[in-house]
Amino acid sequence: MAQAMGWLDRRVTGYAEWLIRWRWIVVAVSVALAVTAGAGGQFLGFSTNYRVFFSPQNPQLQAFESLQKVYIREDNITIVIRPHQGDVFQPDLLRDVRMLTEDAWQVPYTTRVDSITNFQNSTARGDDLAVEDLVPEDSPLDAADMARIRQAALAEPLIRDRLIAPDARTLSVNITATLPFKSESEVPEAMAHARQIADAFQSAHPEVRVAVTGSVALNNAFSESAEGDITTLVPLMYGVLLLVMGLLLRSIGGTIATLLVIGLSAMTAMGLAGWLGILLTPPSVTAPTIILTLAIADSIHILVTMLQQMRRGSDKRTALIESLRVNFEPVFLTSLTTVIGFLSLNFSDAPPFRDLGNMTAMGVIAAWFYSVGFLPALMAILPVRVKQRPIGYASAMDRMADFVIGRRRAIMVAMVVIVAGLSALIPRIELNDQFVKYFDRSIQFRQDTDFAMEHLSGIYQAQWSLPAPGPGAISDPDYLRQVEGFTEWLRARDSVVHVQTLTDIFNRLNKNMHGDDQAFYRLPKERDLAAQYLLLFEMSLPYGLDLNNQINVDKSATRIVATLENVTTNELRELDREATAWFQQNLPSAAETSASGPFVMFAYIAKRNIDGMLTGTFVAFVLISLCLTFALRSIKLGAISLIPNLVPAFMAFGVWAVLVGEIGLASSVVTATSLGIIVDATVHFLSKYQRARRTNGVSPEEAVRYAFSTVGTALWVTTAILIAGFAVLSLSTFKINSSLGQLTALTLFMAIIVDFLLLPSLLLTFAGKDERGGEAPSLKPVNQAAE
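Residues numbered from 1 in each chain as written. Predicted model: local features only at pLDDT ≥ 70, side-chain atom pairs only at ≥ 80, totals over all residues. Heavy atoms only, no water.

Peer 1: Would you explain the packing of aromatic side chains in this entry?
Peer 2: In this description, a pair of aromatic rings is defined by centroid distance and the angle of the planes. Enumeration over the complete set of coordinates arrives at 26 aromatic pairs. When the ring of phenylalanine 53 is compared with that of phenylalanine 602, the centres are 6.1 Å apart and the planes differ by 55 degrees; the resulting orientation is tilted. In this pair, phenylalanine 53 is assigned in the loop between helix 2 (23-38) and helix 3 (59-70) and phenylalanine 602 in helix 19 (residues 598-632), connecting sequence segments 549 residues apart. Overall, phenylalanine 602 belongs to the buried group, its relative accessible area being 0%. Through a chain of ring-to-ring contacts, three or more aromatic side chains come together here, namely Tyr50, Phe53, Phe54, Phe222, Tyr438, Phe439, Phe445, Phe602 and Phe734. A cation sits over an aromatic face here: arginine 209 above phenylalanine 451, 4.4 Å from the ring centre. (Phe/Tyr/Trp six-rings, centres within 6.5 Å; stacked < 30°, edge-to-face > 60°. Helix = DSSP H or I, 4+ residues; strand = E, 2+ residues; numbered from the N terminus. Buried < 20%, exposed > 50% of the residue type's maximum accessible area, 1.4 Å probe, protein only. Lys NZ or Arg CZ within 6 Å of the ring centre and 35° of its normal.)

Peer 1: Where do I start with a negative patch on the surface in this structure?
Peer 2: On the surface, Glu102, Asp103, Glu137 and Asp138 cluster together into a negatively charged patch. Glutamate 137 sits in the exposed class, given a relative accessible area of 65%. (Patch = residues over 30% accessible without salt bridge, like charges linked within 9 Å, V, L, I, M, F, W, Y side chains within 5 Å. Areas by Shrake-Rupley, 256 points an atom, 1.4 Å probe, with all protein chains shown as cover. Salt bridge = Lys/Arg side-chain N within 4 Å of Asp/Glu carboxyl O. Lys, Arg positive; Asp, Glu negative; His and termini not counted. Charge placed at Lys NZ, Arg CZ, Asp CG, Glu CD.)

Peer 1: I'm lost on the side chain of serine 674 in this one. Help?
Peer 2: Note that serine 674 resides in helix 21 (residues 667-695). Judged by relative accessible area, which is 1%, serine 674 ranks as buried. One polar contact links the side chain of serine 674 to the main-chain carbonyl oxygen of valine 670, over a distance of 2.7 Å. (Polar contact = N/O pair within 3.5 Å; in protein donor to acceptor, adjacent residues only side chain to side chain.)

Peer 1: I keep staring at a nonpolar patch on the surface and nothing clicks. Help me out?
Peer 2: On the surface, Trp18, Trp22, Ile25, Val29, Leu33 and Phe369 cluster together to form a nonpolar patch covering roughly 580 Å² of accessible area. Tallying contributions element by element places helix 2 first for the nonpolar patch, with 3 residues. Looking at the secondary structure, you find valine 29 in helix 2. Classification of valine 29 by relative accessible area gives partly exposed; the value is 42%.

Peer 1: Before we go on, may I ask you to explain helix 9 (residues 287-311) in this structure?
Peer 2: Owing to its 3.6 residues per turn, the α-helix brings residues three or four apart onto one side. The end-to-end C-alpha distance of helix 9 is 36 Å, a good match for the 36 Å that 25 residues give at a rise of 1.5 Å each. The buried fraction of helix 9 amounts to 25 of the 25 residues, a majority that puts the element mostly inside the structure. Just downstream of helix 9 lies glycine 313, where phi reads positive at about 110 degrees. (Expected span 1.5 Å × (residues − 1).)

Peer 1: It is not clear to me how the sheet that holds strand 6 (residues 208-213) should be interpreted in this structure. Could you clarify?
Peer 2: Consider a sheet: its strands pair through backbone hydrogen bonds, and that pairing is either parallel or antiparallel. The antiparallel open sheet is built from 4 strands, whose spatial order is 2-5-1-6. Only two strands of the sheet have a single partner each, and these edge strands are strand 2 (110-114) and strand 6. Strand-to-strand twist across the sheet, computed as the mean angle between neighbouring axes with direction ignored, equals 15 degrees. Of the strand pairs in this sheet, strand 2 and strand 5 (residues 171-177) are connected by 4 bridges, and their pairing is antiparallel. Looking at strand 5, one finds that aspartate 114 is bridged to asparagine 174. Contacts from helix 4 (residues 91-104) reach strand 1 (75-83), strand 2, strand 5 and strand 6, with the element oriented near 10 degrees to strand 5. Along the sheet, helix 14 (residues 444-455) makes contact with strand 1 and strand 6, crossing strand 6 at roughly 110 degrees. (Pairing = 2+ DSSP bridges. Axes fitted to C-alpha atoms, helices over the stretch in contact; angles between N-to-C directions. Contact = heavy atoms within 4.5 Å.)

Distances and angles like these do not, on their own, reveal function.
The structure is reproduced here in structure tokens:
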């Protein structure tokens, strides 16, 4: 072991001397490479499609795409209107709502517009069926007409709770858009026009509240959130890192050099992402923030050791060479394990997390390259001054070492109890991925959607396509009774706000064809009669308001759409399971039918990602463990390292169970990503411990003191910076990113506790008796910072 270390030390020393000799060329080449890679940033763009969260193999996405191919591919923009005083049945308001409905047809990619004014109301006129707008253009809107409109609108189940609230205080205009998804500009273009007409209506009616929601608005919110994060979090991150490094390093040259390293690393990674054609999404847009945070760690270890050596009397050149000699292997190993952790995100079912993992991995590789090349070369150029005054950092680490050594058993027992207690709380966490709550309340989409859900209905929907016995069989009375039975089963559930079903149309048509006698508001009893009613109704519908959104082409299936309250994804999955059970018992032809729709897709995404990331985390754990065992050349130390690498995640999730109790998509990647990060401290501590044991030949107690003295300060400094960095990420307006930042910061905090308390106790308890002992090197407390 000592011979292997000696060979590596000689190679690194030779490399460091070469680096210092050619420092100007190394700096120039590093900058040139970063600029070349960074040029790819011009090709970066933002995705405006929520479907990007789902891989082509995602079964919920496949089911939804199949559903839209059967009926029509549709996304929607919903304009919600609510007067501050009174109800919506006001002549001037309804007149302008009718104009707004007509203007909405001008929104790009619009294929249908629905509101109470153009609802196709069918009535009996003698022996004929009359179908016309509920509020026709020539409607007088006098008292009698308003009473007619009110009665029809509030009595019609197709529009009540969907286009108008039961209390008549709120209405909506629903714009159906068929987006080709050939350009990322489609969603912003449609939303810009929709907002324009909504703003115009708001200006004309200051007495009402206007909100814009819908799936197109959801798509747009994803891109707006991503753009907002990248323009606010990255500058904020630079400010926080500059402040923290300035306070902890107290070295102007070191701070400048580190800022340049992290800047070049982020530039390289984002530029390479652009060259590779990666589109930015809310999760992947956090890559620069994470890279800025992680890139600091390598630089800090090299700088702290260099400054420490200078305080002990070494000149800058000697201190720089010694720092590289001591840190080259652990810095490489920590970078490798971090890369493995983030590359494991490729096991995620959500492509944005794969992009995040790959972009961050590229940034970490770049950070290692610049840390062991550009950074020491630049530090060899920049002037560095230090003060030879012993103050608290090293002495604090010595006191920490004495505390752990003297109370090793009590610490171990206490840590085991704490870890076991926190781990036992993890099952209390509930999985929940309500995509509206992905966005902070500062986002307009969140505000408008919450408003719509409170006063009318929301965008949480579950859809089912119910197959009939054959072509044209949707008019079969037995089939219609089964569909109506499922409709009533849905309406009986507290979580269901509205159900859009074809049976309501058949009920109304049967009533119409019997002189509008309410006693005949029921399903037709004969198939041919029902088919004739439907054909007559369809022939009376204007362009764009047909039934293609409810009936397939050969009339062999119909779509049921249930609009839900603000339910959790667990409740939606339970509804899906119970609906399948209902089909198996009452409608065997639909026994294999599952719920579909965007909300359903998001309801299953966390579970699918957790399943995928269990494999990814296991692979990362095995690879990282093998790397540590090989690098440390000790099976025993490799085995010991597993505990501080896994325990922090369990502790963090236990605390999260108490403080929050709910988690979503972020939980599926936290363990894998944090594993690659928290390994860094373990690697540095173990490498210093092993160097003291096998190279210096000291006892386990003195080896622990040596590790604390040489690397303790760097560990807590880098941990403080990492926690600060991920704390900035927690300020994201996108909940997944915010939760990822909070959970990772919490995990890192737990990790430093474990590395400072549990890891030394484990080493002291299970130290090998076959290793050489001896006196520890004298480590006088010295200030490890410089100014």
